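Structural features, examined
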Amino acid sequence: MTTNDGGIDALLQEDRTFPPSKDFVSNANISDPDIYDKAKADPESFWAGFAKELDWFQGWDQVLDWKAPDAKWFINGKLNASYNCVDRHAKSEKRNKAALIWEGEPGDWKVYTYWDLLREVSKCANALKSLGVQKGDRVTIYLPMVPELVISMLACARIGAPHSVIFGGFSAESIRDRVEDSQSKLIITADGGYRRGSIVELKQNVNDAINADSPIENALVVRRTGHADDLMVSGRDVWWHDLVDSQSSVCEPESMDSEDMLFMLYTSGTTGKPKGIVHTTGGYMVGTYATTKWIFDLKDDDVYWCTADCGWITGHSYITYGPLSNGATQVLYEGSPDYPDKDRFWDIVAKYGVSILYTAPTAIRTFMRWGEEYPNRHDMSTLRLLGTVGEPINPEAWVWYWKNIGGERCPVVDTWWQTETGSVMISPLPGITTLKPGSATQAFPGIDADIVDDKGNSVPPGGGGYLVVKQPWPSMLRGIYGDKDRFVEQYWSKYPGEYFTSDGAKLDEEGYFWLLGRVDDVINVSAHRISTMEVESALVDNPKVAEAACIGKSHEVKGQAIVAFVTIKDQISTSDDLVTELKQHVATKIGPMARPDDIYFAAELPKTRSGKIMRRLLRDVAEGRTLGDTTTLADPAVVESLKSQYEDDE
Ligand code: WTA
């Protein structure tokens, strides 16, 4: 690691803490030192206080109805998410304020004021209606990070059609599965997107995904790259510029019930089948609005930039719904951080005067590896607050970020949450919480998070266990689309009445939370959730493969990397070409982010006598550790031979 003055090690002491600076005037510092206690004593009033800051067409009769695991928030309240994100600012003194400052990877850019956004969202909403989309219909969105992505999400919300956004890195097959599960009748896509100087073939993937049985009736296509006009299917596909641009710019927002579905978002779980996490309108808006206001501390003159993609929950909550409901000015960027050079992010920060930056630890570790010369090329003195999300951040990366990006002046908020939780659950409040590098610190006020042992008893300070949430919160998932049993089984059965996060965590002596990673078969690669089962089924889909087992191994930059152990069919021989073929097969089946780093061939996989694959042992092998307990193994020689093969390879 390179540093300016060798200072990182000195900064990185075990007990190093960062007390809040007196100069930081927090939004949460509502002359009320005991906000945590107050929220704990009466969480419903706490959340209702934020709800009152949103615009409702009709007020609620009751804040919460909770019969575990089913929660309803703001009963009988009526509102519209796009109205809260757009109209109320467009019709206020903020009408000329920049809402979105978008930069494409090739360097093209566009700015939308709140007034512009209102017109564009309304036009898109009218276009959706003209294609027959009605309240309650699902719409799939598969776009690069272009303004039309945010506009489409808000247009769906405006007419009450739940969206299902699919990250642009997913393959045709992944689109097909998600479209099938959600039964979407429309897909909004683009001909392509730019990534590291190349074109991502979005339209080709959509064409490959839609077969004769597909529920998709139409595709609305943004012309971004102009390279795939011949992929338009007549009678089915329509260009955005042909349809949307000519629509009326007035579209009344639907009055939605607080518990009407706002969107579903597919995420990986412990089986091969992704699950559509369902979020509803009122509670989700309250959760994202409140956490954005207090954790990102948005002020009217801030320029906020979350580097996530709207294909993930972070982009839903902290690009589209949280910042816009707060009336923020935000930057959107289409491409990769190293195009045309490794200082692209810092160029953007300087160019637009970004004051709040939210990114993932994996990106920070990449920047660390590239070195300080890139941030040092730019004046980043506008930054005042930094955030991270997606995976545990190691203290080295935290301190590097604080020092080299934040200039030792910006608090770093490490925010823990999940697709399922909808909004941030554990995070410092900047200007209030004393920070500790590597710790997400405290549960947000009103959130009852705890760490419990196997029996469900709270662990004492200093102890470790499973992270659970003991009371409902507004933006909690309402279900898995079409699969109530899986919802109950996955989240609510280990500790009845409590939400099981599948994350391990420990509590330090001062009651700070330290997240330790997943305890299930989900691998977190560069802050992207991938299930071992998904990769395994992609591998066995290749006719040469008999059996496969995948695990996540620690990786310096990505957090975790995928390692696959594969048994091939008898008549096939192993080769480097086969390794390449299998890696590519997974990338084609799921998407490039699921490509395994390593593939090892095994004559047999280590199994218990009852036939369960012992992943723990494979992890030991992949990370070069002494083997754990092998007594339950059917044939201990299997692991030993794998281990020696792995060591030969290193
Ligand atoms: C992990 C992303 C440690 C965690 C918002 C969780 C984190 C999973 C953090 C959810 C953090 C997210 N520290 N781990 N600050 N943030 N995680 O659904 O394992 O894509 O369960 O949501 O990411 O990933 P998801």
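Attention here is on the structure that accompanies the text. What you see is a predicted model; the values in this text were computed from it and never measured.

Reading the values: the criteria
- Residues numbered from 1 in each chain as written.
- Predicted model: local features only at pLDDT ≥ 70, side-chain atom pairs only at ≥ 80, totals over all residues.
- Heavy atoms only, no water.
- Salt bridge = Lys/Arg side-chain N within 4 Å of Asp/Glu carboxyl O.
- Helix = DSSP H or I, 4+ residues; strand = E, 2+ residues; numbered from the N terminus.
- Buried < 20%, exposed > 50% of the residue type's maximum accessible area, 1.4 Å probe, protein only.
- Near = heavy atom within 4 Å.
- Polar contact = N/O pair within 3.5 Å; in protein donor to acceptor, adjacent residues only side chain to side chain.
- Areas by Shrake-Rupley, 256 points an atom, 1.4 Å probe, with all protein chains shown as cover.
- Nonpolar A, V, L, I, M, F, W, Y, C, P; charged D, E, K, R; others polar.
- Phe/Tyr/Trp six-rings, centres within 6.5 Å; stacked < 30°, edge-to-face > 60°.

**Considerations on the pattern of salt bridges**
For the structure on display, the rule yields 47 salt bridges. The closest approach of N and O atoms between Glu334 and Arg224, which form a salt bridge, is 2.7 Å. Here Arg224 lies in the loop between β11 (218–222) and β12 (237–239) and Glu334 lies in the loop between β17 (329–333) and α12 (344–352), a separation of 110 residues in the sequence. Arg224 shares its class with Glu334; the two are buried. Connected through shared salt-bridge partners, Glu103, Arg344, Asp347 and Lys351 make up one network.

**Remarks on the site of the ligand**
Surveying the vicinity of the ligand reveals 17 residues, the closest of which are Asp414, Thr415, Thr419, Asp503 and Arg529. Between the ligand and Thr415, the relevant distance is 2.8 Å, taken from a nitrogen atom to a main-chain nitrogen or oxygen of the residue. A distance of 3.3 Å separates an oxygen atom of the ligand from a polar atom in the side chain of Asn524. In the complex, 97% of the free accessible area of the ligand, which totals 530 Å², lies under the protein chains. Where the shell around the ligand is concerned, the elements lending two or more residues are α11 (313–325), β20 (412–415) and β25 (513–518). Tallied by class, the residues present in the shell around the ligand amount to six nonpolar, six polar and five charged.

**Here's the deal with the environment of Thr388**
Locating Thr388 in the fold gives a position in strand β19 (residues 385–389). Measuring from C-alpha to C-alpha, the distance between Thr388 and Tyr358 comes to 5.6 Å, with 30 residues separating the pair along the chain.

**Considering the packing of aromatic side chains**
The description of two aromatic rings rests on the distance between their centres and on the angle between their planes. A complete count under the given rule lists 43 aromatic pairs for this structure. Both rings, one in Trp60 and one in Phe74, keep their centres 5.1 Å apart while their planes meet at 70°; by these two values the pair is edge-to-face. With Trp60 in the loop between α3 (43–51) and β1 (62–67) and Phe74 in strand β2 (residues 70–75), this residue pair connects regions lying 14 residues apart in the sequence. An identical accessibility class is assigned to Trp60 and Phe74; each is buried.

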